[in-house]
Amino acid sequence: IGGSIRYYDKTGQTLLWEDYDAVKRIPVEGDQIASYMKAATVALEDRDFYKHGGFDVRGILRAGFVNITGGTTKQGGSTITEQLVKLTQDWTKNRTYSRKIKELILAVELERSYSKDEILTGYLNTAPYGNIEYGVEAASRDYFHKSAKDLTLDESAFLAAIPQSPSYYSPYGPYFNDGGKQDVVTRAHYALE
């Protein structure tokens, strides 16, 4: 999925310039992400992440029932694995049943090919955190001026709350002062429970 292009001086220590072409992403290994961040993400996005094989049957059935019975919004039932598939396949706007079937097949294949920790790391490196920040390292650096491995529990809960609706929950978004701030704090507190 790529990342930002970073230019350093000849020592390799001083960042001179970063070219991120409308997407700021700094991929990192799983051991470079705070365990608090991983736990907060699982708590908010997919509580059964370590128990299922890539998809949540109950979530799919619930979403199907709401969609069929005339719910006002289209429901997902997406696991972290399915969300990773959507983000890497650019399927976020295409909400069809055939796309959902393809997503399920790819999610199962991801689960067969990679460990849960590798999938979670992939998601954390891909997820949108508002504005142009994609991936937890870019978000951590922009919001807290530190590496993702150094995030505290509170900072992790705050960041984990953003990907559900990045344009609404992001501190840089237009809705943040119109309710988004309180809602992201409420969501972060939910992760801490």
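Nothing here was measured: the structure is a model prediction, and the numbers come from that model.

Participant: I'd love a proper account of the pairing of strand β2 (residues 15–19), names of residues and values included.
Facilitator: Of the pairings in the sheet, the one linking strand β1 (residues 5–8) to β2 comprises four bridges and is antiparallel in character. Paired with Arg6 across the bridge in β2 is Glu18.

Participant: Please set out the confidence of the model for the protein chain residue by residue, giving values where relevant.
Facilitator: Fine structural detail should not be taken from predicted coordinates in areas where pLDDT scores are low. Of all residues in the protein chain, 82% have pLDDT values of 70 or greater, and the mean over the chain is 85. When pLDDT is averaged over each element of the protein chain, helix α5 (residues 116–126) comes out on top at 97 and helix α2 (residues 57–68) at the bottom at 62.

Participant: Would you mind going over the environment of Val85 in detail, with residue names and values included?
Facilitator: By the secondary structure assignment, Val85 is in helix α3 (residues 80–89). Residue Val85 is classed as buried on the basis of its relative accessible area of 3%. Sequence spacing of Val85 and Leu110 is 25 residues, and the spatial spacing of their C-alpha atoms is 8.4 Å.

Participant: Explain the packing of helix α1 (residues 35–45) against helix α9 (residues 180–192) to me, using residue names and the numbers behind them.
Facilitator: When two helices pack together, their arrangement is captured by the angle between the axes and the distance separating the axes. The geometry of α1 relative to α9 is characterised by a closest axis approach of 9 Å and an angle of 105° between their N-to-C directions. Judged by the angle between their axes, α1 and α9 are roughly perpendicular. Only Arg187, Tyr190 and Ala191 of α9 make contact with α1, whose side of the interface consists of Ala40, Ala43, Leu44 and Glu45.

Participant: Talk me through the pattern of salt bridges; I want residue IDs and the actual numbers.
Facilitator: Enumeration over the complete set of coordinates arrives at ten salt bridges. Close ionic contact of Lys51 with Asp48 constitutes a salt bridge, the shortest N to O distance being 3.9 Å. The closest approach of N and O atoms between Arg141 and Glu137, which form a salt bridge, is 2.8 Å. Placement of the pair is Arg141 and Glu137 together in helix α6 (residues 136–144), with a separation of four residues, close to one helical turn. We classify Arg141 as partly exposed; its relative accessible area is 31%. Take Glu137: its relative accessible area is 1%, and that puts it in the buried class. When salt bridges with common partners are traced through the structure, they connect Glu82, Arg99, Lys100 and Glu103 into a single cluster.

Participant: Describe unusual backbone geometry, and please don't skip the residues or the numbers.
Facilitator: Look at Asn131: it is not a glycine, yet its phi comes out positive at around 50°. Along the chain, the position of Asn131 falls in the loop between α5 and β4 (133–134). Given a relative accessible area of 52%, Asn131 falls into the exposed group. One non-glycine residue, His145, adopts positive backbone phi at about 55°.

Participant: Give me the lowdown on the packing of aromatic side chains, citing residues and values where you can.
Facilitator: A full pass over the atoms with the stated rule returns five aromatic pairs. Between Phe49 and Tyr50, the aromatic rings sit 4.9 Å apart at their centres with planes inclined by 75°, giving edge-to-face as the arrangement. Overall, Tyr50 belongs to the partly exposed group, its relative accessible area being 47%. Relative to Phe158, the ring of Phe144 has its centre 6.1 Å away and its plane inclined at 80°; by these criteria the two rings are edge-to-face. You can see Phe144 sitting in helix α6 and its partner Phe158 sitting in helix α7 (residues 153–161), a full 14 residues away along the chain. Judged by relative accessible area, which is 23%, Phe144 ranks as partly exposed. Ring pairing ties together the aromatic residues Tyr168, Tyr169 and Tyr175, which thus form one cluster. A cation over an aromatic ring shows up here: Lys116 above the ring of Phe49, its NZ or CZ 4.5 Å from the ring centre.

Thresholds, definitions, all that
Residues numbered from 1 in each chain as written. Predicted model: local features only at pLDDT ≥ 70, side-chain atom pairs only at ≥ 80, totals over all residues. Heavy atoms only, no water. Pairing = 2+ DSSP bridges. Helix = DSSP H or I, 4+ residues; strand = E, 2+ residues; numbered from the N terminus. pLDDT = per-residue confidence, 0-100. Buried < 20%, exposed > 50% of the residue type's maximum accessible area, 1.4 Å probe, protein only. Axes fitted to C-alpha atoms, helices over the stretch in contact; angles between N-to-C directions. Parallel < 35°, antiparallel > 145°, perpendicular 65-115°, else oblique. Contact = heavy atoms within 4.5 Å. Salt bridge = Lys/Arg side-chain N within 4 Å of Asp/Glu carboxyl O. Phe/Tyr/Trp six-rings, centres within 6.5 Å; stacked < 30°, edge-to-face > 60°. Lys NZ or Arg CZ within 6 Å of the ring centre and 35° of its normal.

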